[in-house]
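Now for the letters of each chain:
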There are 2 protein chains.
Amino acid sequence: MARKPPTKPRKNASQERSRATVDALVEATARILVREGFEKASTNRIAEVAGVSVGSLYQYFPGKEALVAAVIERHNQEIMGLVRAALNEVADMPVETAVRKLVTVAIEAHRIDPKLHRVLAEQIPRTGQLKDVEAFNREVHTLVRAYLESRRKEMRKIDPGLATFICVSAIEAVAHNTVLNQAEMLSEKMVRTLVDETTRMVVGFLRRAA
Amino acid sequence: MARKPPTKPRKNASQERSRATVDALVEATARILVREGFEKASTNRIAEVAGVSVGSLYQYFPGKEALVAAVIERHNQEIMGLVRAALNEVADMPVETAVRKLVTVAIEAHRIDPKLHRVLAEQIPRTGQLKDVEAFNREVHTLVRAYLESRRKEMRKIDPGLATFICVSAIEAVAHNTVLNQAEMLSEKMVRTLVDETTRMVVGFLRRAA
DNA sequence: CTATAATGCGAGCTATCGCTCGCTTTTTCT
DNA sequence: AGAAAAAGCGAGCGATAGCTCGCATTATAG
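First, a word on what this report is: a plain description of the structure on this page. What you are looking at is a predicted structure, and each value in this text was computed from that prediction instead of being measured.

1. A few points about the relation of the copies chain A and chain B
Then, in step 1: With an RMSD of 0.1 Å, the fit of chain A onto chain B corresponds to turning through 179 degrees and sliding 0.0 Å along the axis. On the angle and the small slide along the axis, the relation comes out as a two-fold axis.
Then, in step 2: The fraction of interface residues of chain A whose copies in chain B are also interface residues reaches 100%, indicating that both copies meet through the same surface.

Set out below in structure tokens:
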């Protein structure tokens, strides 16, 4: 009989078994969000799908929000990986090449898991994750801006921040809408044309010639 | 004593008092969505804020979803009014003028009630209103496309559907992000520059000269 | 092997949600 | 005026949500 109960720090996972539990919980949350929607993602259900008890869930996550936040975090890391790699790859290449790559990556990123992406986009405001997602956006913004500034010679006179804002918004929106409205926009050829045209728009916007 | 209870059609509002009730309910729903968030928008709370009983609520709306749907409908009508007016106004004007007007209107539309706009965008998938919102998007798309086709002479060779898709996505995204990230993008002068640059991008994209 | 910490369990509490139903009040009709 | 229809009311129902707590099981240390 321990008089002093071992102090439950309520969140750390040091052993391996517990890390597996945490993973299972995050994965289960993602699956439920995609397959059954946010309202079905009760803590009881998440635990059930993860093959874990509710009690264990609450040892690692302070609540439902934290689970969703973890899923968002994971998904964002995945996307940031793609974006960082792409920008690194094109760092020394001309604007046209870089923009084309960025557009392509944006579409790929949305294709990782469109349904999850959609659900998460909806739930972000609820999770208090706004800060993290803003950080995510800021990083994209910063990376793109750095690239653009390094290529200033190829570009007309324009505020780099503004240019970044407009380009990123436009590219992201085209990718987002393309992937989410699969019904009408679908074939590989269409996608290629779309990349061509979007690239053209952005490059035309940035280039010297008016 | 009526043996046959008067049949409750469960939704029609014929008298004036009832129409006021319905309005109050929709208005209350919007207010709660904006000020307290979706999860606080319980039917009990909505009725309370509307100064109406839950019972009355259920005489006109089959459930919570219907309330949110009504708010979405109202908001969309407001925006469509602006868009229709704008496109009508510029119907005979050159592309540059038209695009500038559209960009301006897009920002104005988002400014009507940014917070509401955000919350609604999040809740749309939940309400089964997807169809209505798609119809809304299709109308914008159709109107813009019709305009572009009428101005084909000023434009380079490009599929009108694709051009519309890219332009509308880009314009909407810039407006959306501008209004929602007020923190960093704010001053009137900035807005004007933003409109200029966005117009430049879209017009450059559509125009003949490559 | 035994003690102690770490992890896992799940019945069940409390709170709240969406919603109904029997009734009263107001309006309309004749 | 009186009767019937329309509108409004709100206590309270069943369901389910988030979450806790006392205990069981598994891993680590001495």
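So, next bit.
2. Structural notes on the pattern of salt bridges
Residue and element names in this part refer to chain A.
Then, in step 1: Counted under the stated rule, the structure contains 23 salt bridges over all chains.
Then, in step 2: Of the charged contacts, one joins Glu-27 and Arg-74 as a salt bridge, the two residues approaching to 3.0 Å between their closest N and O atoms. Residue Glu-27 is found in helix α1 (residues 16–36), and its partner Arg-74 is found in helix α4 (residues 64–89); the two are separated by 47 residues along the sequence.
Then, in step 3: The exposure class assigned to Glu-27 is partly exposed, which follows from its relative accessible area of 34%.
Then, in step 4: Residue classification places Arg-74 among the partly exposed positions, given a relative accessible area of 38%.

3. Things to note about the packing of α1(A) against helix α6 (residues 114–127) of chain A
All names here are of chain A.
Then, in step 1: Axis separation between α1 and α6 bottoms out at 9 Å; the angle between their running directions is 95 degrees. By the angle between their axes, α1 is roughly perpendicular relative to α6. In this structure, α1 contributes Ala-30, Leu-33 and Val-34 to the contact, and α6 contributes Lys-115, Leu-116, Val-119 and Leu-120.
Then, in step 2: Tallied by class, the residues present in the contact of α1 with α6 amount to 6 nonpolar, no polar and 1 charged.

4. Here's the deal with the protein's contact with DNA strand D
Then, in step 1: With respect to spatial proximity, 24 residues lie near DNA strand D, and among them A:Ser42, A:Lys64, B:Thr21, B:Gly55 and B:Ser56 are the closest.
Then, in step 2: The sugar-phosphate portion of DNA strand D accounts for 68% of its atoms within 4 Å of the protein, the bases making up the rest.
Then, in step 3: Between DNA strand D and the protein, one listed contact pairs a phosphate oxygen with a backbone N or O atom of A:Thr43 at 2.8 Å.
Then, in step 4: Of all elements in the fold, only α2 (43–50) and α3 (54–60) of chain A together with α1 (16–36) and α3 (54–60) of chain B reach the threshold of two or more residues within the surface near DNA strand D.

5. Section: the packing of aromatic side chains
Then, in step 1: Tallied over the full model, the rule gives 0 aromatic pairs over all chains.
Then, in step 2: The cationic tip of A:Lys64 hangs over the ring face of A:Phe38; the distance from NZ or CZ to the ring centre is 4.4 Å.

6. Looking at the interface of chain A and chain B
Then, in step 1: Chain A puts 28 residues into the contact, and the matching count from chain B is 28 residues.
Then, in step 2: Summed over both partners, the interface of chain A with chain B buries about 2600 Å², with 68% contributed by carbon and sulfur atoms.
Then, in step 3: If you sort the residues of chain A by the area they bury against chain B, A:Arg126, A:Phe165 and A:Met201 come out on top, with a joint share of 23%.
Then, in step 4: There are 2 salt bridges connecting chain A and chain B.
Then, in step 5: Across the pair A:Arg156 and B:Glu197 runs a salt bridge whose closest N-O atoms are separated by 2.8 Å.
Then, in step 6: The tally of links between chain A and chain B comes to 4 residue pairs in polar contact (both at pLDDT 80 or more).
Then, in step 7: Looking at the side of chain A that touches chain B, the elements with two or more residues in it are α6, α8 (160–180) and α9 (188–206) of chain A.
Then, in step 8: With 9 residues, the single largest contributor to the side of chain A that touches chain B is α8(A).
Then, in step 9: Across the side of chain A that touches chain B, the residue classes break down as 15 nonpolar, 6 polar and 7 charged.

The rules behind these values
- Residues numbered from 1 in each chain as written.
- Chains lettered and ligands numbered in written order.
- Predicted model: local features only at pLDDT ≥ 70, side-chain atom pairs only at ≥ 80, totals over all residues.
- Heavy atoms only, no water.
- Least-squares fit on C-alpha atoms with pLDDT ≥ 70 in both.
- Contact = heavy atoms within 4.5 Å.
- Salt bridge = Lys/Arg side-chain N within 4 Å of Asp/Glu carboxyl O.
- Helix = DSSP H or I, 4+ residues; strand = E, 2+ residues; numbered from the N terminus.
- Buried < 20%, exposed > 50% of the residue type's maximum accessible area, 1.4 Å probe, protein only.
- Axes fitted to C-alpha atoms, helices over the stretch in contact; angles between N-to-C directions.
- Parallel < 35°, antiparallel > 145°, perpendicular 65-115°, else oblique.
- Nonpolar A, V, L, I, M, F, W, Y, C, P; charged D, E, K, R; others polar.
- Near = heavy atom within 4 Å.
- Polar contact = N/O pair within 3.5 Å; in protein donor to acceptor, adjacent residues only side chain to side chain.
- Phe/Tyr/Trp six-rings, centres within 6.5 Å; stacked < 30°, edge-to-face > 60°.
- Lys NZ or Arg CZ within 6 Å of the ring centre and 35° of its normal.
- Buried area = accessible area lost by both parts, 1.4 Å probe.

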